[in-house]
Amino acid sequence: MQRFLFALPLLVALVFGGFFLWGLNPERDPNAIPSVLISRPAPDFELPPVDGVDVPGFSRADLSGNDGPVVVNIFASWCVPCRAEHSVLTRFVEEDGVRLFGINYQDQPEDAARWLDELGNPYERIGSDIDGRVAIDWGLTGVPETFIVGPDGTILFKQIGPILGDDAIRAFTTALEQAQASVAGS
Amino acid sequence: MIRSLLFLSAMMLAVAAHAVEPDEVLSDPVFEERAREVSQALRCVVCQNQDIDSSNAGIARDMRLLVRERILAGDTNQQVLDFMVDRYGSYVLLRPPFNATTALLWFSPVLIGLIAALVAIMVLRGARKTKQRRPEPLSPEEEAEVARALSEMDPKGSLK
């Protein structure tokens, strides 16, 4: 009994110390929002093409039955980080042969067309989500967001915010490689 | 004087502004009331500690419209909440639901209270025990020793 009481301050210090250590971890992002969509099938949706852009729209059906994983990127011409991310996505497509689909979020078609004319269009398909309804089905919190969808139509990875900077690019590349490996393995 | 009092009382009557815009409001006041109720239970996913009813964020507006659309489509309040949870997880609810993963969270205050009560009881009991414990009576040798020590002292109490 007495011994237990003596150990109490040490116990309390350990608990608090552990909590502070966890809080100080620079890797921890307190703003990170857990996604419930990971390892769930992609939502059911159908999006028309963007007027004035010569790639087709797409639906849930286009996301399954592919040879490999597909990257779905939600973007908008008015979104500044999307502009920065565009070159990273383009490099993925051109150098690594990534298949990239885009969801154009709450954008005027002419603005989106002009944006793609200016920066180039790395997207194989682009769906126009003018009212932003489909983006909510994807659990969007803000543009840009990028998903990796497996050949069976399952969402494997989600990146919130632009894929910029070494850490984000590395995390995304790793997830993509894992997705490709799982396809090759099965 | 009266004017400034009026101004002050008017200030006190002011309530938190809501972000719901006139074009969002449903014509049926019952439906609108339910939409407000549901909106106040949903977290704005970009502002994080604000409900969508009072948030001006674009995505919050979209979610408000969606809530109203679901209500008009015949969903109950719970169905609308479930619809949102399906997409954003329980994170989207401002009031954490009670289930297996959150049980610890809900029970922790009770648990901590119980531990505190247990420790308090143990400490109090220990204290009472030491108080009740009477010192053993002195043995004859010890009595003699005390008498000898006392006799060696002068009446003022210091050693000779």
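Above this note sits the structure.
Heads up: these notes are all about the structure in this document. (Residues numbered from 1 in each chain as written. Chains lettered and ligands numbered in written order. Predicted model: local features only at pLDDT ≥ 70, side-chain atom pairs only at ≥ 80, totals over all residues. Heavy atoms only, no water.)

**Section: the state of the cysteines**
Taken as a whole and judged by the stated rule, the model has two disulfides over all chains. The disulfide partner of Cys-79 of chain A is Cys-82 of chain A, and the gap between their sulfur atoms is 2.1 Å. Taking the torsion about the S-S bond as the criterion, the Cys-79 of chain A to Cys-82 of chain A disulfide, at about 90 degrees, is right-handed. Overall, the relative accessible area of 5% leaves Cys-79 of chain A in the buried class. Since its relative accessible area comes to 2%, Cys-82 of chain A is described here as buried. For Cys-44 of chain B, the disulfide goes to Cys-47 of chain B, at an S-S distance of 2.1 Å. Between Cys-44 of chain B and Cys-47 of chain B, the S-S torsion sits near 75 degrees, and that sign places the bridge as right-handed. (Disulfide = S-S within 2.5 Å. Buried < 20%, exposed > 50% of the residue type's maximum accessible area, 1.4 Å probe, protein only.)

**Describing helix H2 (residues 80–96) of chain A**
All names here are of chain A. Look at H2: 25 Å from first C-alpha to last across 17 residues, which is about the 24 Å you get at 1.5 Å a residue. Considering bend angle alone, the principal kink of H2 is centred on His-86 and spans about 35 degrees. Listing the buried residues of H2 in full gives Cys-82, Glu-85, His-86, Val-88, Leu-89, Thr-90 and Phe-92. One or two residues past the end of H2 sits Gly-97, with phi positive at roughly 65 degrees. (Helix = DSSP H or I, 4+ residues; strand = E, 2+ residues; numbered from the N terminus. Expected span 1.5 Å × (residues − 1). Bend = angle between axes of the 7 residues up to and from the residue.)

**Considerations on the interface of chain A and chain B**
With 20 residues of chain A at the interface, the matching set in chain B holds 19 residues. In this assembly, chain A packs against chain B so that about 1600 Å² is buried in total across both faces, 60% of it on carbon and sulfur atoms. At the boundary of chain A and chain B, one finds three salt bridges. Arg-87 of chain B is the partner of Asp-137 of chain A in a salt bridge, and the nearest nitrogen-oxygen pair spans 2.5 Å. Taken together, the connections running from chain A to chain B amount to six residue pairs in polar contact (both at pLDDT 80 or more). Those elements that place two or more of their residues in the side of chain A that touches chain B are helix H1 (2–24) and helix H4 (133–137) of chain A. (Contact = heavy atoms within 4.5 Å. Buried area = accessible area lost by both parts, 1.4 Å probe. Salt bridge = Lys/Arg side-chain N within 4 Å of Asp/Glu carboxyl O. Polar contact = N/O pair within 3.5 Å; in protein donor to acceptor, adjacent residues only side chain to side chain.)

**Considering the pairing of strand S5 (residues 125–129) of chain A**
Residue and element names in this part refer to chain A. When you tally the buried positions in S5, you get four out of five residues, the bulk of the element. Two elements, strand S4 (residues 99–105) and S5, share five bridges in a ladder whose sense is parallel. Paired with Tyr-105 across the two strands is Asp-129, which belongs to S5. In this fold, S4 hands off to helix H3 (residues 109–119), which returns the chain to S5; that crossover is right-handed. (Pairing = 2+ DSSP bridges. Right-handed = clockwise from strand over helix to strand, strands pointing away.)

**Regarding a nonpolar patch on the surface**
Residue and element names in this part refer to chain A. A surface patch of nonpolar side chains, about 800 Å² in accessible area, is lined by Val-12, Val-15, Phe-16, Phe-19, Phe-20, Trp-22 and Leu-24. Relative to the assigned elements, Trp-22 resides in helix H1. We classify Trp-22 as partly exposed; its relative accessible area is 49%. (Patch = residues over 30% accessible without salt bridge, like charges linked within 9 Å, V, L, I, M, F, W, Y side chains within 5 Å. Areas by Shrake-Rupley, 256 points an atom, 1.4 Å probe, with all protein chains shown as cover.)

**Regarding the nonpolar core**
Counting 70 residues, the largest nonpolar core has Leu-63, Val-72 and Trp-138 of chain A together with Leu-42, Ile-59, Met-63 and Val-67 of chain B as the members making the most contacts within it. For this core, the element with the highest residue contribution is helix H3 (residues 58–72) of chain B, accounting for six residues. In this view, Met-63 of chain B contacts Ile-136 of chain A together with Arg-43, Val-45, Ile-52, Met-84, Tyr-88 and Val-92 of chain B; residues no more than four positions away in its chain are not counted. (Core = buried A, V, L, I, M, F, W, Y, C linked by side-chain atoms within 4.5 Å.)

**A word on the pattern of salt bridges**
Residue and element names in this part refer to chain B. Evaluated as defined, the whole model comprises 19 salt bridges over all chains. Put simply, Glu-24 and Arg-64 hold a salt bridge, and the shortest N to O gap is 2.6 Å. Taken as a pair, Glu-24 in the loop between helix H1 (2–13) and helix H2 (29–41) and Arg-64 in helix H3 lie far apart in primary sequence, 40 residues in all. Take Arg-64: its relative accessible area is 1%, and that puts it in the buried class. A salt bridge links Asp-75 to Arg-70; the shortest N-O distance between them is 3.1 Å. By sharing partners, the salt bridges in this structure join Glu-21, Asp-23, Glu-24, Arg-61 and Arg-64 into a single network.

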